[in-house]
Amino acid sequence: MATRSKVWISLLLALAVALSAPALRAEEAAAAAEEGEAVLTLDVDSFDEAVAKHPFIVVEFYAPWCGHCKALAPEYEKAAKSLSKHDPPIVLAKVDANEDKNRPLATKYEIQGFPTLKIFRNQGKNIQEYKGPREADGIVDYLKKQVGPASKEIKSPEDASSLIDDKKIYIVGVFTEFSGTEFTNFMEVAEKLRSDYDFGHTLHANHLPRGDAAVERPLVRLLKPFDELVVDSKDFDVAALEKFIDASSTPRVVTFDKNPDNHPYLMKFFQSSAPKAMLFLNFSTGPFESFKNVYSAAAEEFKDKDIKFLIGDIEAAQGAFQYFGLKDEQAPLILIQDGDSKKFLKDHIEADQIVSWLKEYFDGKLSPFKKSEPIPEANNEPVKVVVADSIQDVVFKSGKNVLIEFYAPWCGHCKKLAPILEEAATTLKSDEEVVIAKMDATANDIPSEFEVQGYPTMYFVTPSGKVTSYDAGRTADEIIDFIKKNKETSGATTTSEKAADPATTAETVKDEL
């Protein structure tokens, strides 16, 4: 399911942030603390009032232990000081989303990783992701554009030269007049997508640096620094405009490396719900150019297929390798993750094998690849360890009532929960119909029966195959009480085989933590 991808998207995007974020300078953070913070500190009690008070406010959701947050802090503070002098002032705020009392805010605004920055406009009626730079000057310039008009009028070639950056995407509406349905729809899309793209509008196509000047108006022209440099559309339906911009604004083959200019395209690639083909190899050694040329030709050949293409440098893509359970020595390798979260892998691939392997995928001839830790030889602790290769036997086919926790080794809430789960499991040890288990969700593929968007996430699976999100308290007594109230006795199902296909009775409820 598409929503389950949010967790690994946030992990991969964190790498992009790390590559582009400035290093933390301790002396600057200390100086900011001494001078008094320009960044407004909010919590669950003050959040709504602050958003209602300011027509435009940027909020950073952070965790004190997060290295990326620490790196951002002095730059965010510098930007806040500068933007406080803007007319009108632009307010920057922050919320400790790791604090228990603020977790409802993190849930409400779907915070999947740290730091996450969101722009709140019009008393919170319009909320957008912050998609700009992570250093002070870049934050300032980006936000100044965000408080101005969503689209700027281009009255001359000089205007176009000052507004259009050849290295970025720029979207221009070319009109006969600045009124009517087409113009209204264009401005609506510009307002909605302004945090992602720069927009302009003009009456004269010959003001623009590229593209046919003798065109029939109205039209939308998208200028970009890759593939074909100019793309036009005359469909002004709002949904069609958004689809046109989305389809045209990502390179046919996205590059995953340390170049920050590629990071916006990288984010769009991983945020897409379409199947993804990813070729990983060492950019600095080996026959990189031959692989790149063959892969680019393959992307062109299969451009009408519903699939996105990426070529990644293994040095920059360690976060992806960790997520997918890959090793450097397997490269060059190609991996496909489809919309159903199935993965297909070909390691040690040769350039001349790429096209034929892709054809096998499209013809349905490939077998999926599963990421799993080894099944533990001994599993004698109160909380049982589950891996991808054992989850069917331990959870769905055991004929038992299983409370399973999906956790991440680095997660602070998971570490706090661990002894509580152990206490509950020890207390229930004599109940042979109950199992409490855990799975490292960063090291194992998660079955589609579960929707895991944050850590820890817990589910309760009964012998009949019913899957329910755990939504009770986090004390041992509350966990035990939930299990006793929801468990099925041995007489509730005829055989354990009844649970062999849990998808038929799954009642998965999202547990956003």
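Up top is the structure.
Below is a short write-up of the structure.

About the cut-offs
Residues numbered from 1 in each chain as written. Predicted model: local features only at pLDDT ≥ 70, side-chain atom pairs only at ≥ 80, totals over all residues. Heavy atoms only, no water. Phe/Tyr/Trp six-rings, centres within 6.5 Å; stacked < 30°, edge-to-face > 60°. Helix = DSSP H or I, 4+ residues; strand = E, 2+ residues; numbered from the N terminus. Buried < 20%, exposed > 50% of the residue type's maximum accessible area, 1.4 Å probe, protein only. Pairing = 2+ DSSP bridges. Right-handed = clockwise from strand over helix to strand, strands pointing away. Salt bridge = Lys/Arg side-chain N within 4 Å of Asp/Glu carboxyl O. Arc of directions from axis to C-beta. Contact = heavy atoms within 4.5 Å. Axes fitted to C-alpha atoms, helices over the stretch in contact; angles between N-to-C directions. Core = buried A, V, L, I, M, F, W, Y, C linked by side-chain atoms within 4.5 Å.

## Topic: the packing of aromatic side chains
Tallied over the entire structure, the rule returns 31 aromatic pairs. Measuring from ring centre to ring centre gives 6.1 Å for Phe61 and Tyr109, while their planes differ by 40 degrees; the resulting arrangement is tilted. Pair noted here: Phe61 is in strand S2 (residues 56–62) and Tyr109 is in the loop between helix H5 (103–108) and strand S4 (116–121), with a separation of 48 residues, a long-range link. For Phe61, a relative accessible area of 0% puts it in the buried group. With 4.9 Å between their ring centres and 70 degrees between their planes, Tyr130 and Tyr142 make a pair best called edge-to-face. Here the residue Tyr130 occupies a position in the loop between strand S5 (126–129) and helix H6 (136–147), and Tyr142 occupies one in helix H6, the gap between them amounting to twelve residues.

## Examining unusual backbone geometry
Omega for the bond connecting Asp87 with Pro88 falls within 30 degrees of zero, at -5 degrees, which places this linkage in the cis form. In this chain, Ala331 is followed by Pro332 through a cis amide linkage whose omega measures 0 degrees. Here Pro332 shows up in the loop between helix H12 (318–324) and strand S14 (333–337). Within the chain, Gln123 stands out as a residue other than glycine whose phi angle is a positive 60 degrees. Gln123 sits in the partly exposed class, given a relative accessible area of 39%. Despite not being glycine, Asp227 has its phi angle at roughly 50 degrees, a positive value.

## Observations concerning the pairing of strand S7 (residues 170–174)
When you tally the buried positions in S7, you get five out of five residues, the bulk of the element. Examined bridge by bridge, S7 and strand S8 (residues 198–202) share five bridges and lie parallel to one another. Considered in S8, the bridge of Tyr170 is made with Asp198. In this fold, S7 hands off to helix H8 (residues 181–193), which returns the chain to S8; that crossover is right-handed. By the bridge criterion, five bridges tie S7 to strand S9 (residues 219–223) in an arrangement that is antiparallel.

## Points about the pattern of salt bridges
Overall, the coordinates contain 22 salt bridges when judged by the stated rule. Glu300 is paired through a salt bridge with Arg252; the nearest N and O atoms lie 2.8 Å apart. Taken together, the residues span a long stretch of sequence, with Glu300 in helix H11 (residues 288–301) and Arg252 in the loop between helix H9 (238–248) and strand S11 (253–256) at a distance of 48 residues. In this structure, Lys487 engages Glu433 in a salt bridge whose closest nitrogen and oxygen atoms are separated by 3.6 Å. A residue pair is termed long-range when its members are at least 10 positions apart, and Lys487 in the segment after helix H16 (476–486) and Glu433 in the loop between helix H15 (412–427) and strand S18 (434–440) qualify at 54 residues. Its relative accessible area of 25% is what places Lys487 among the partly exposed residues. Through salt bridges with shared partners, a single network forms among Asp43, Asp45 and Lys101.

## Some points on H9
Of the residues making up H9, those classed as buried are Val238, Leu241, Phe244, Ile245 and Ser248. For H9, the angular spread of the buried residues around the axis is 125 degrees, confining them to a single face. Counted as exposed and oriented over 90 degrees from the buried face of H9: Ala239, Lys243 and Ala247. Packing partners of the buried residues in H9 comprise S7, H8, S8, S9 and strand S10 (230–233).

## A look at the sheet that holds S5
Strand order in the open sheet formed by five strands is S1-S3-S2-S4-S5, with mixed pairing between adjacent strands. Of all the strands in the sheet, the pair left with one neighbour each is strand S1 (40–42) and S5. Taken over all neighbouring pairs, the strand axes of this sheet differ in orientation by 30 degrees on average, direction set aside. Where S2 meets S4, six bridges bridge the pair, whose relative direction is antiparallel. Directly across from Ile57, in S4, lies its bridge partner Phe120. Its contacts with the sheet place helix H4 (residues 67–83) against S2, strand S3 (91–96) and S4, and it is angled at close to 165 degrees to S2.

## Points about the nonpolar core
With 40 residues, the main nonpolar core has Ile171, Phe199, Ile245, Phe256, Met278, Phe280 and Leu310 as its most contacted residues. The set of elements that each furnish at least two residues to this core consists of H8, S9, H9, S11, helix H10 (263–271), strand S12 (276–281), H12 and S14. When near neighbours in sequence (up to four residues on either side) are disregarded, Met278 contacts Phe269, Phe270, Tyr295, Leu310, Phe324, Leu333, Ile334, Leu335 and Gln337. Counting 24 residues, the second largest nonpolar core, distinct from the first, contains Phe302, Phe344, Ile349 and Ile354.

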